[in-house]
Amino acid sequence: MSRMAEIQRKTKETDICVTLELDGTGKSKIATGIGFFDHMLEGFSRHGFFDLTCQVQGDLHVDGHHTVEDTGIVLGQAIAKALGDKKGICRYGSLMLPMDDALVLCAVDLCGRPFFNFDCTFPTARVGELDTQLVREFFYAVSYSGGMNLHMKLLDGMNTHHMIEAMFKAFARALDQAVSMDPRNTGVLSTKGSL
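Residues numbered from 1 in each chain as written. Predicted model: local features only at pLDDT ≥ 70, side-chain atom pairs only at ≥ 80, totals over all residues. Heavy atoms only, no water.

Draft legend 1. View of the pairing of strand β10 (residues 149–156). Pairing of strand β6 (residues 102–109) with β10, which is carried by seven bridges, proceeds in the antiparallel orientation. Within the sheet, the bridge partner assigned to A107 lies in β10 and is H151. Direction of pairing for strand β7 (residues 115–119) relative to β10: parallel, over a ladder of five bridges. Along β10, the bridge assignment pairs D119 with K153. (Pairing = 2+ DSSP bridges. Helix = DSSP H or I, 4+ residues; strand = E, 2+ residues; numbered from the N terminus.)

As structure tokens, then:
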């Protein structure tokens, strides 16, 4: 059974269409209008083996905030929709990921209860056209619209590009673990009987 979702969301600030295939090969087609953000979403797709298309028209003449945050909202909704009733999934995923000077810890629980913990500070205000404050906004939006616990901790790093890229890759690998199917699990991984 295909675990795929397409979500469209249009507001006065953004017009977004995302398609996500959880059991993909890492193919992506990304256009958000923010080059470094595109690069991060391409890395998320590749390292999580998710097939992802993301087409965004945002009010970049204002700044990148609405584009990045709303993309997180739509991606979180796509993850939740593609998971369906969550029967058979591993539910949890975590990874400590190095990228040169940067070291990031990411943990995910697809429990249906959103919670977000982000322990990261960046030495620079921008990478390319991306305001680094928006990294937190993106992951917060994903966690809440996707109904997941998401913890992200920067353990080390000097280069902001490396730090942010390590975060997106660590999230991809942790999410890939969490959405993976466990043949031992014939229902949902919860004593309550539902997630």
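After presenting the structure, the write-up continues.
Draft legend 2. Molecular detail of the side chain of N185. Relative to the elements of secondary structure, N185 occurs in the segment after α4 (160–179). Given a relative accessible area of 15%, N185 falls into the buried group. For N185, the side chain forms a polar contact with the main-chain nitrogen of G187, separated by 3.3 Å. Among all residues touching N185, those that are not within four sequence positions of it are G88 and I89. (Buried < 20%, exposed > 50% of the residue type's maximum accessible area, 1.4 Å probe, protein only. Polar contact = N/O pair within 3.5 Å; in protein donor to acceptor, adjacent residues only side chain to side chain. Contact = heavy atoms within 4.5 Å.)

Draft legend 3. Geometry of helix α2 (residues 65–83). Relative to the 27 Å expected for 19 residues at 1.5 Å per residue, α2 spans 27 Å between its end C-alpha atoms, a close match to the ideal helical length. Of all 19 residues making up α2, 14 are buried, and the element is well covered by its neighbours. The first or second residue beyond α2 is G84, which carries a positive phi of 60°. (Expected span 1.5 Å × (residues − 1).)

Draft legend 4. Structural context of unusual backbone geometry. For K86, which is not glycine, the phi torsion reads 70° and is therefore positive. With respect to the element layout, K86 can be found in the loop between α2 and β5 (92–99). The residue R91 is not glycine, and still its phi comes out positive at about 80°. Among the structural elements, R91 can be located in the loop between α2 and β5. A relative accessible area of 7% means that R91 is categorised as buried.

Draft legend 5. How the structure looks around the nonpolar core. Counting 59 residues, the largest nonpolar core has V108, F139, M152, M167 and F171 as the members making the most contacts within it. At twelve residues, the largest contribution of residues to this core is made by α4. Dropping the residues within four chain positions of it, M152 is found in contact with V104, L105, C106, N117, F118, D119, C120, F139, M167 and F171. (Core = buried A, V, L, I, M, F, W, Y, C linked by side-chain atoms within 4.5 Å.)

Draft legend 6. Representation of α4 in the model. Between the first and last C-alpha of α4 there are 29 Å, a value that for 20 residues agrees with the 28 Å anticipated at 1.5 Å per step. Backbone nitrogen of H161 and a side-chain oxygen of the N-cap are separated by 3.0 Å at the start of α4; the cap is N159.

Draft legend 7. Representation of the packing of aromatic side chains within the structure. One pass over the structure, following the stated rule, counts ten aromatic pairs. A centroid spacing of 5.1 Å and a plane angle of 75° characterise the contact between F138 and F139, whose relative ring orientation is edge-to-face. With relative accessibility at 2%, the residue F138 sits in the buried group. Taking the centre distance of 5.2 Å and the plane angle of 25° together, the rings of F138 and F168 count as stacked. Of this pair, F138 sits in helix α3 (residues 133–146) while F168 sits in helix α4; the two residues are 30 residues apart in sequence, bridging distant segments of the chain. Judged on exposure class, the residue F138 and its partner F168 are both buried. (Phe/Tyr/Trp six-rings, centres within 6.5 Å; stacked < 30°, edge-to-face > 60°.)

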